[in-house]
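Structure at a glance
What follows is the residue order along each chain.
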Amino acid sequence: MFTPPSTDRGETRNATLGIGGLEIDLRYSSSIFEDFLHTMNVIQAEFGRRSGATAPSATTVAECSGGSFRV
């Protein structure tokens, strides 16, 4: 599960990638990983559009900003 970095000014939490009880701090790669997730979301939306899907099958990156979501 990807958790974006905190957006609160009083909190300085880095983005993390976790599974089960393990959590990896993405201090140096969070912006690269967020770009990757955005690109995957664009690919998914384009695939859905081309295949004639009427409803999105997953939550978009924009809808999850500030929260956690599964990759």
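A brief report on the enclosed structure follows. (Residues numbered from 1 in each chain as written. Predicted model: local features only at pLDDT ≥ 70, side-chain atom pairs only at ≥ 80, totals over all residues. Heavy atoms only, no water.)

Once that is clear, we can look at the overall build of the chain. Helix and strand counts for the chain stand at one helix and three strands. Ordering the α and β elements of the chain from the N terminus gives β-β-β-α. Going through the 71 residues of the chain one by one, you find that 20% of them count as buried. Within the chain, contacts between residues at least 6 apart in sequence are counted, and of these 37% link residues at least 24 apart. (Helix = DSSP H or I, 4+ residues; strand = E, 2+ residues; numbered from the N terminus. Buried < 20%, exposed > 50% of the residue type's maximum accessible area, 1.4 Å probe, protein only. Contact = heavy atoms within 4.5 Å.)

What follows concerns helix α1 (residues 30-51). Here α1 contains 22 residues, and its C-alpha end-to-end distance of 31 Å stays within 8% of the 32 Å for a straight helix at 1.5 Å per residue. Ser 30, Phe 33, Leu 37, Asn 41 and Gly 48 are the residues of α1 that are buried. What you see down the axis of α1 is that its buried residues fit within an arc of 85°, all on one side. For α1, exposure combined with an orientation more than 90 degrees from the buried face picks out Ile 32, Asp 35, Phe 47, Arg 49 and Arg 50. (Expected span 1.5 Å × (residues − 1). Arc of directions from axis to C-beta.)

Next up on the list: the sheet that holds strand β2 (residues 16-19). Paired through backbone hydrogen bonds, the strands of a sheet run either parallel or antiparallel to each other. Taking strand neighbours across the sheet as the criterion, the three strands line up as β1-β2-β3 in an open arrangement whose pairing is antiparallel. One side of each edge strand has no neighbouring strand; the edge strands of this open sheet are β1 (2-3) and β3 (22-25). As paired strands, β2 and β3 are joined by four bridges and run antiparallel to one another. Across the sheet, the residue bridging to Thr 16 is Asp 25, located in β3. (Pairing = 2+ DSSP bridges.)

So, about the environment of Ser 30. Inspection of the secondary structure puts Ser 30 in helix α1. As a C-alpha pair, Ser 30 and Asn 14 span 16 residues in sequence and 7.8 Å in three-dimensional space.

Taken by themselves, the reported measurements are silent on function.
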